[in-house]
Structure formats: structure tokens, C-alpha cells
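Here's the letter readout for the chains.
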Amino acid sequence: MPEEQKKTEIRRYYQTLYSAWGEQHWWPGETQFEVIVGAYLTQNTAWTNVERAIENLRAAKALSVEGIRSLTLARLEKLIRPSGYFRQKAKRLKTFVAHLDKKYAGSLERMFSQPTNELREELLALNGVGPETADSILLYAGNQPVFVVDAYTRRVLDRHGIISAKTDYEEIRCLFESALAPLADEQRVTNSRTRPERDRCSSAHPPSAMSTAQRTALVQIYNEMHGLIVGVGKHYCGKSQPKCDGCPLQPFLPKR
Ligand code: SF4
């Protein structure tokens, strides 16, 4: 499929899904740091397990830079155990906080004031941070204009003939970012609180401090598109058997 046609398709997917389901309120969380913790903990596990681990940290008053810094590794492992791979994830969270302390004196504000591309490279150099985690931190904690590609994104695009199984992460990220950018020029939406509520699909989260934070129209569109694709993946586009009947993207499915 020619590149411009791919971009047009992606814009239509956004418009169709947003019209059907409205705001998804990703990422649930009260603070930037909670989003970062969630981005680490969600690796290789279901979100419900992440929620249990986050609640443990909250109850222990450790859901902050200071909180993670002062916990022993053993205690941190115990608190985040419900998220799976807890030893690995505890080390990674400690590594993140150590980096934040060393380079930014523990300040997320200072960290997020770096140019997006530089900060992205820096995050990718940390232990256990791949592109999806780095981009989740940049987009959902930092409100920076980076699209997050996940397994659902790959699956939907592959089944619709827009990418192949071999297409790499960066190519898909650039495709989405360039496809969606013109929509931001049209909308000029700067704050999700100003927009009307619509029916949400059941994978949408309730509004939270982070999901309703001030952000640019472009960041808002990248934010929503990722959440909408998660909804498609969870409810229709399963790993083994897609349920195309009833899926809002069915009209775009290539004819066989
Ligand atoms: S469920 Fe079917 S129509 Fe929906 S995104 Fe997947 S392949 Fe496309």
C-alpha cells in the first residue's frame, strides 16, 4: 500500500474509533511518577496486576520518587510482586530513580524539560527500557509528542495489510506520528476537560489527574489513538481469533 494511503487509513481509523468510543482517559494515574511506575510494571503482564502492585505501593506511602528511593530492594520486590517479574522490575525502578537523582537531582520536571529526542535516547539506555516503555513515559507522564506502538497496534495494522510482521517499531511510530499530525492542526484541542464526554468502550479508564492534564492537541491525539487501539485489541482483535463482526474497524478490512 502506498505511504500516503496508509496515512489516510490511519486517520480514518482514529476518526471512526473516536466517534464510536470517545475519550479513553489513558493513562490512569494521579502523578507523573505513578505513570512511570505503571509503564515499568506493565511489561509482560495484565493491567489488573499492575493496579494491585500500585495499590500496594500507595498503601505503603511509597508511590513517589522519595518512596522508591527509601525502600529496600527486598521490600520493593514484595510490594510489586503482583505485577510479575518483580525482582527484575524492582531493580529497574531503582535504576530509574538512581538515574533521576544523579542527572536531575530527583526532579521529573527537570528531566521532562529535556528535548524529546534526547530524553528518549537517555531512557532507552536505561536497564529494562525498550521503545514501548520509553514512549509510554514520554507520552503519558511527560505529555511529549511521541506515539506508543504496542502489540495491538502491530496486530491491527498487520491484519489490515498496512504493515508486515517484520516492520520495525520506529517505522510504525513514524507512520502514526506523521499520519495523525494533520488532525491536530485541524482540532486545536488543548485540554481534554474542555471536550464533551461520549460513550466509552469498556477498556476506557475513568478520568484521572494525569488523563485530564493540560497538553497540546498533538499529544492528546497520540494519547487517544493508543487508548482506542487498546480497546480494539482487547475487545475485538484477539491474538488467535479476531471478532470482526461488530468491530468499528471492520469496514476497513481488506477484501480477500
Ligand atoms: S477485529 Fe477484525 S476488523 Fe477489527 S481490527 Fe481486528 S481484523 Fe480488523
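Residues numbered from 1 in each chain as written. Predicted model: local features only at pLDDT ≥ 70, side-chain atom pairs only at ≥ 80, totals over all residues. Heavy atoms only, no water.

### Side note on the overall build of the protein
To be explicit about the condition: Only DSSP runs of H or I reaching four residues or more are called helices, and only runs of E reaching two or more are called strands; each is numbered from the N terminus. The globule rule is 2.2 Å times the number of residues to the power 0.38, and the radius of gyration it is compared with is taken over C-alpha atoms. Only protein chains enter the accessibility calculation, which uses a 1.4 Å probe; a residue whose area is less than 20% of its type maximum is buried, one above 50% is exposed, and one in between is partly exposed. The contact rule is simple, with two residues in contact once any of their heavy atoms fall within 4.5 Å. What sets the accessible areas is the Shrake-Rupley method with a 1.4 Å probe; for residues, cover comes only from the shown protein chains. Note on charges: Lys and Arg go in the positive column, Asp and Glu in the negative column, and His and the chain ends are not counted at all. Note on charges: their place is set at NZ of Lys, CZ of Arg, CG of Asp or CD of Glu.
Summing up its helical and strand segments, the protein has twelve helices and zero strands in all. In the protein, the order of α-helices and β-strands from amino to carboxyl end is α-α-α-α-α-α-α-α-α-α-α-α. Computed over C-alpha atoms, the radius of gyration of the protein comes to 18 Å, within 12% of the 18 Å expected from 2.2 N^0.38 for 256 residues, which places it in the range of a compact globule. With the C-alpha coordinates of the protein rotated into their principal frame, the extents come out at 55 × 35 × 35 Å. Burial statistics for the protein: of 256 residues in total, 53% are counted as buried. The long-range fraction of contacts in the protein, counting pairs at least 24 apart against all pairs at least 6 apart in sequence, stands at 68%. Of the roughly 12000 Å² that the protein leaves accessible, carbon and sulfur atoms contribute 51%. Between the centroid of the 36 positive side chains of the protein and the centroid of its 29 negative side chains there is a distance of 6 Å.

### Quick notes on the domain arrangement of the protein
The condition that has to hold: Throughout the structure description, domain borders are defined by an automatic or database domain assignment. Note: buried area is the sum, over both parts, of the accessible area (probe 1.4 Å) each one loses when the two are combined.
Domain annotation for the protein reports domain 1 (3-27 + 147-252) and domain 2 (32-141). Using only C-alpha atoms to locate each centre, domain 1 and domain 2 end up separated by 24 Å. The partner domain 2 presents 14 residues to the 16 residues of domain 1 that form the contact. Of the roughly 1300 Å² buried where domain 1 meets domain 2, counting both sides, 68% is carbon and sulfur surface.

### Notes on the environment of Arg110
Secondary-structure assignment places Arg110 in helix H7 (residues 108-112). Apart from residues no more than four positions distant in its own chain, Arg110 is found in contact with Lys103, Tyr104 and Ala105.

### Let's talk about the environment of Asn223
Summarising the element assignment, Asn223 is placed in helix H12 (residues 217-235). Placed 194 residues apart in sequence, Asn223 and Gly29 show a C-alpha to C-alpha distance of 14 Å. Beyond its immediate stretch of four places on either side in the chain, Asn223 contacts Trp26, Leu139, Tyr140 and Arg215.

### Structural notes on the packing of aromatic side chains
Threshold: Pairing of aromatic rings covers Phe, Tyr and the six-membered ring of Trp, with a centre-to-centre limit of 6.5 Å; geometry is then stacked below 30 degrees between planes, edge-to-face above 60, and tilted otherwise.
Throughout the structure, instances matching the rule amount to ten aromatic pairs. Measuring from ring centre to ring centre gives 5.9 Å for Trp26 and Trp27, while their planes differ by 85 degrees; the resulting arrangement is edge-to-face. A relative accessible area of 7% places Trp26 in the buried class.

### Quick word on the nonpolar core
Put simply, the test is: What makes a nonpolar core is a set of buried Ala, Val, Leu, Ile, Met, Phe, Trp, Tyr and Cys residues whose side-chain atoms join them at distances within 4.5 Å.
Within the largest apolar cluster, 78 residues are counted, with the highest numbers of intra-cluster contacts made by Leu57, Ile80, Phe96, Leu123, Phe176, Leu180 and Met225. In terms of residues, this core owes the most to one element, H12, which gives nine residues. Structurally, this core is a two-domain feature, drawing no fewer than three residues from each of domain 1 (3-27 + 147-252) and domain 2 (32-141). When neighbours within four sequence positions are excluded, Leu57 is seen to be in contact with Val37, Ala62, Leu63, Ile68, Leu71, Leu76, Leu79 and Ile80.

### Quick notes on the site of the ligand
Filter applied, for reference: Proximity is defined per residue: any heavy atom of the residue falling within 4 Å of a molecule or strand makes that residue near it. Only Asp, Glu, Lys and Arg are considered charged, only Ala, Val, Leu, Ile, Met, Phe, Trp, Tyr, Cys and Pro nonpolar, and every remaining residue, Gly among them, polar.
Inspection of the region around the ligand gives 13 residues, with His160, Cys237, Cys244, Cys247 and Gln250 positioned closest. Grouping the amino acids of the shell around the ligand by side-chain chemistry returns nine nonpolar, two polar and two charged.

### Some words on the packing of helix H10 (residues 151-159) against H12
Our working rule: Axis lines are fitted to C-alpha atoms, over the contacting stretch for helices. Their N-to-C directions set the angle, which ranges from 0 to 180 degrees. Between 65 and 115 degrees an angle is taken as roughly perpendicular, under 35 as roughly parallel, over 145 as roughly antiparallel, and anywhere else as oblique.
Two elements in contact, H10 and H12, have axes whose closest approach is 9 Å; the angle formed by their N-to-C orientations is 75 degrees. The orientation of H10 relative to H12 falls into the category roughly perpendicular. Contacts between H10 and H12 involve Tyr152, Thr153, Arg155 and Val156 on the former and, on the latter, Ile229, Val230, Val232, Gly233 and Lys234. Partitioning the contact of H10 with H12 into residue classes produces five nonpolar, two polar and two charged.

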